[in-house]
Amino acid sequence: MKYRYHFLLIAIFFIQYSIVGQEKVKKPTVIQNIDARDITSLNGLWQAIVDPLENGYYNHRYLPKEKNGYFENKKPQSPSDLIEYDFDSDIELMVPGDWNTQMEKLYYYEGTVWYKKSFDYEVKENQINYVYFEAVNYEAIVYLNGEKLGSHVGGYTPFQFDVTGKLKEKDNFLVVKVDNKRLREAIPTVNTDWWNYGGITRSVHLVSVPQSHIKDYSVQLKKNNKTQIAGWVDLENGKEGEIVNIEIPELNKKIEAKVKDGRANFSFKAKPELWSPDTPILYTVNMISQNDRVTDQIGFRTIETKGSKIFLNGENIFLKGISIHEEAPFKTGRVTTKEECRILLKWAKDLGCNFIRLAHYPHSEAMVKEAEKMGILIWSEIPVYWTVLFDNKDTYQNAENQLSTMINRDKNRAAIILWGIANETPESDARNEFLKNLSLKVRALDSTRLVTAALDTQSSAEGGKVIDDPLGEYVDVIGINSYCGWYVDEPESCAGLKWKNNYEKPMIMSEMGGGALQGLHGEKNERWTEEYQEALYEYNIEMMRNIEFMAGLTPWILMDFRSPRRHLQRIQKDFNRKGLISEQGVPKKAFYILRDYYLNENN
Ligand code: GCB
């Protein structure tokens, strides 16, 4: 009896501890579908102060300032006051936007910039307000009217803070300390092949939602079931037992689901016309709770693998893709508008693509939604790139947070079929464990899509390559980055290169390619000419024709993009020149080689 009692006490202790423990690690989440909410834009010109020594944050003992930090936006009250900063007489930067391409002196800048926006706001009764950031690269510390709201790490995912009761009708000021210093332990780490564009790179909104509101939802076909729609709606401050309606008018569906522990689960039969690149059909879906209503455009499709093939809606599909960086056409810098997304996506369409790899980090929600409307399948990934610190627990947590936020934001997008967990990571036990855990995380969060990773670790065997990376076990689709004819071997030798796969899984050639300066012509063995790149594509396509387990490809890359690793001034001028299109939008010869392959084969 005594022992039983002790056991009970211990059990209660553990249950409580784990609940409290969970509470402690509860991550701030964001509301689903920001486009469908009552929002006030905070985009436009913000005042800014460039602060390389973080003088507005640390005192001369290098301790964070509790008072007199730049977040207070102080003004002298008398002529004798000493205040050594002034947003009003400093620079201005456009939001959304990176700072590097807005001012010449910020081109290479990596460090802290303070952003400030003043605004009036009509506060409505009985509403909850959030300030919502679509993305800030890399670390953001956010203050409203001098008070710290919180901080966020990770350059490509959204975050929000509750500002209910903190907004005034007049003269609010939002200050964001943005820091894009590269850190060894961060995700990505210090070493990448793209520009570390700093700033408030995506839109900022003030959101107003009812006290009891729809926070999040998932509406998708059940895994591999074309006639069963299943999902849930999460309410914030909802009532236990409250009814949530899910309506799909075009399918004549009106479903009632009851809230239990904050969530209304549902599952119902339906026969939607399936979303595919040829038929990118999106249905209007209304979610209606007692006090809130959110509408989304949702597509329905299935995706699975069998052996080395990928099946979309039960039909074998060959993924004719291209890799894309979120780099703006014509002006470079980060993509900031829907129009820029559409230009890049239209170029992918012109190339004959039904698929894109959004490299190497989650792109904006606009990019994903526009691609979905245009009928383009998507591989979306997090920046676990090259040599991240695989044995560091915080690094893992950071990667997992970015992964969860990416999946959370885009889980209703039919276009996304693959979640990418890593790119070209060096094999080691720590790395295998890290990536295995990320793959398990994906499966726990979203069992309907496929897991992939881009690998450059294939071994060499006589006459060819063997895919034998242990990570192959944990992914559904194996991505292979291979630069035959550019970093290794002569282009002519690629055609005969043989591939063997130790896994009975589909393989996507997730990168291949070589550089060319648009307009530079010469012999096909002359590097940097369009002819060299053209021949390289021809030989590599020849090689890929002979890989029977290939399920698609996303060559590197649609458009030339800025990279601080690319110093050859007569050719590169800080651009990675592997684009099939120049940064000014002019296609190179290889563009047409790939287009011919896509339009004339594998249909
Ligand atoms: C790679 C990387 C990619 C680079 C590319 C290159 O393997 O995944 O980010 O930009 O090679 O051009 O070297």
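Residues numbered from 1 in each chain as written. Predicted model: local features only at pLDDT ≥ 70, side-chain atom pairs only at ≥ 80, totals over all residues. Heavy atoms only, no water.

(A) Spatial organisation of the side chain of R577. Structurally, R577 can be placed in the loop between β33 (575-576) and α8 (589-600). Its relative accessible area of 5% is what places R577 among the buried residues. In terms of polar contacts, R577 uses its side chain to reach the backbone carbonyl oxygen of I571, at 2.9 Å. Filtering out sequence-adjacent residues up to four positions away, R577 remains in contact with G514, G515, A516, L517, W528, Q533, D560, I571, Q572, E583 and K588. (Helix = DSSP H or I, 4+ residues; strand = E, 2+ residues; numbered from the N terminus. Buried < 20%, exposed > 50% of the residue type's maximum accessible area, 1.4 Å probe, protein only. Polar contact = N/O pair within 3.5 Å; in protein donor to acceptor, adjacent residues only side chain to side chain. Contact = heavy atoms within 4.5 Å.)

(B) Local environment of the state of the cysteines. By the definition in use, this model includes one disulfide. Note on cysteine connectivity: C484 is disulfide-linked to C494, with sulfurs 2.2 Å apart. The chirality of the disulfide connecting C484 with C494 is left-handed, given an S-S dihedral of about -100°. With C484 in the loop between β28 (477-481) and α6 (491-494) and C494 in helix α6, this residue pair connects regions lying ten residues apart in the sequence. For the pair formed by C484 and C494, the shared burial category is buried. Here C353 is not cross-linked by a disulfide; its sulfur's nearest cysteine counterpart is in C341, at 16 Å. Judged by its relative accessible area of 6%, C353 is buried. (Disulfide = S-S within 2.5 Å.)

(C) Representation of the packing of aromatic side chains in the model. On inspection of all chains with the given rule, the structure shows 31 aromatic pairs. Measuring from ring centre to ring centre gives 4.9 Å for Y57 and Y58, while their planes differ by 85°; the resulting arrangement is edge-to-face. Assessed through its relative accessible area of 14%, Y57 is described here as buried. When the centroid spacing of 4.2 Å and the interplanar angle of 15° are considered together, the rings of Y156 and Y361 count as stacked. Of this pair, Y156 sits in the loop between β7 (147-153) and β8 (159-162) while Y361 sits in the loop between β22 (355-358) and α3 (365-374), placing them 205 residues apart in sequence. Taking the relative accessible area as the measure of exposure, Y156 reaches 5% and is therefore buried. A residue is classified by how much of its surface remains accessible, and Y361, at 0% relative accessible area, is buried. (Phe/Tyr/Trp six-rings, centres within 6.5 Å; stacked < 30°, edge-to-face > 60°.)

(D) View of the site of the ligand. Around the ligand sit 14 residues, and of these D193, H360, E424, Y487 and K578 come closest. Here an oxygen atom of the ligand sits 2.5 Å away from a polar atom, N or O, in the side chain of D193. A distance of 2.9 Å separates an oxygen atom of the ligand from a polar atom in the side chain of N423. For the ligand, the protein covers 96% of the area, taking 320 Å² as the surface of the free molecule. (Near = heavy atom within 4 Å. Areas by Shrake-Rupley, 256 points an atom, 1.4 Å probe, with all protein chains shown as cover.)

(E) Quick look at the nonpolar core. Core analysis: the biggest nonpolar cluster contains 108 residues, and I322, I356, V384, F434, L438, M509 and L594 have the highest contact counts within it. For L438, the residues in contact, after removing those within four places along its chain, are I382, V384, Y396, A399, E400, L403 and I421. (Core = buried A, V, L, I, M, F, W, Y, C linked by side-chain atoms within 4.5 Å.)

(F) Broad picture of helix α4 (residues 393-410). The terminal C-alpha atoms of α4 lie 26 Å apart, and with 18 residues this matches the ideal 26 Å at 1.5 Å per residue to within 8%. Of all 18 residues making up α4, 13 are buried, and the element is well covered by its neighbours. One side-chain oxygen at the N-terminal end of α4 lies 2.8 Å from the backbone nitrogen of D394; it belongs to N392. (Expected span 1.5 Å × (residues − 1).)

(G) Main features of the side chain of K177. Counting through the fold element by element, K177 comes out in strand β9 (residues 172-179). Residue K177 is classed as buried on the basis of its relative accessible area, which comes to 2%. Setting aside its immediate chain neighbours within four residues, K177 contacts E54, Y57, T112, V113, W114, E139, A140 and I141.

(H) Layout of the sheet that holds strand β13 (residues 243-248). Overall, antiparallel pairing links the seven strands, which are arranged β11-β12-β15-β14-β13-β16-β17 in an open sheet. The open sheet has two edge strands, β11 (213-221) and β17 (293-298), and neither has a second partner. Mean inter-strand twist for the sheet, computed between neighbouring axes without regard to direction, equals 20°. For β11 and strand β12 (residues 228-236), the ladder comprises eight bridges, and the chain directions are antiparallel. Within β12, the position partnered with I214 by the bridge is L235. (Pairing = 2+ DSSP bridges. Axes fitted to C-alpha atoms, helices over the stretch in contact; angles between N-to-C directions.)

(I) Representation of the sheet that holds strand β26 (residues 459-461) in the model. Strand order in this open sheet of three strands is β26-β27-β29, and the pairing throughout is mixed. Edge positions in the open sheet fall to β26 and β29 (498-501), since each of these has one partner strand only. On average, each strand axis in the sheet is tilted by 30° relative to the strand beside it, whichever way the strands run.

(J) Structural view of the confidence of the model for the protein. Of all residues in the protein, 95% attain a pLDDT of 70 or more, and the chain-wide mean is 95. Mean pLDDT across the elements of the protein ranges from a minimum in helix α1 (residues 2-25), with 41, to a maximum in strand β23 (residues 377-381), with 99. Across residues 7-28, confidence stays below pLDDT 50; counting only partners more than four residues off in sequence or on other chains, it has two contacts. (pLDDT = per-residue confidence, 0-100.)

(K) How the structure looks around the pairing of strand β10 (residues 204-210). Counted residue by residue, β10 has seven buried out of seven residues, so it is predominantly covered. The two faces of β10 match: V204, L206, S208 and P210 on one face and H205, V207 and V209 on the other face are all buried. Here strand β1 (residues 38-41) runs beside β10; their pairing, made up of four bridges, is antiparallel. Across the sheet, the residue bridging to T40 is L206, located in β10. Bridge analysis of strand β5 (residues 127-133) against β10 gives seven bridges, and the strand direction is antiparallel. Residue pairing for β10: Y132 is matched across the bridge by H205.

(L) Region of the structure containing empty space enclosed by the protein. Taken as a whole and judged by the stated rule, the model has four cavities of 30 Å³ or more. By volume, the largest cavity amounts to about 110 Å³. Forming the boundary of the largest cavity are 14 residues, of which Y138, R182, P188, T189 and N196 lie nearest the centre. For the lining of the largest cavity, the per-class residue count stands at seven nonpolar, five polar and two charged. (1 Å grid on protein atoms, 1.4 Å probe; cavity = no way out; pocket = protein on both sides within 12 Å on 5 of 7 lines; lining within 4 Å. Points joined across faces, edges and corners; volume = space filled by probe spheres on them. Nonpolar A, V, L, I, M, F, W, Y, C, P; charged D, E, K, R; others polar.)

(M) The environment of A590, seen in detail. Of note, A590 is situated in helix α8. We classify A590 as buried; its relative accessible area is 0%. In sequence terms A590 and Y532 are 58 residues apart; their C-alpha atoms lie 8.9 Å from each other.

(N) Representation of the packing of helix α2 (residues 338-350) against α3 within the structure. Two numbers describe how α2 lies on α3: the axes approach to 9 Å, and their chain directions differ by 45°. One element, α2, and the other, α3, form an angle in the oblique class. Considering only the axes of α2 and α3, their crossing is right-handed. The residues of α3 that touch α2, namely those facing K338, C341, R342, L344, L345, K346 and K349, are A366, M367, E370, A371 and M374. Residues belonging to the contact of α2 with α3 are distributed by class as follows: seven nonpolar, no polar and five charged. (Parallel < 35°, antiparallel > 145°, perpendicular 65-115°, else oblique. Left-handed = near helix turned anticlockwise from the far one by under 90°.)

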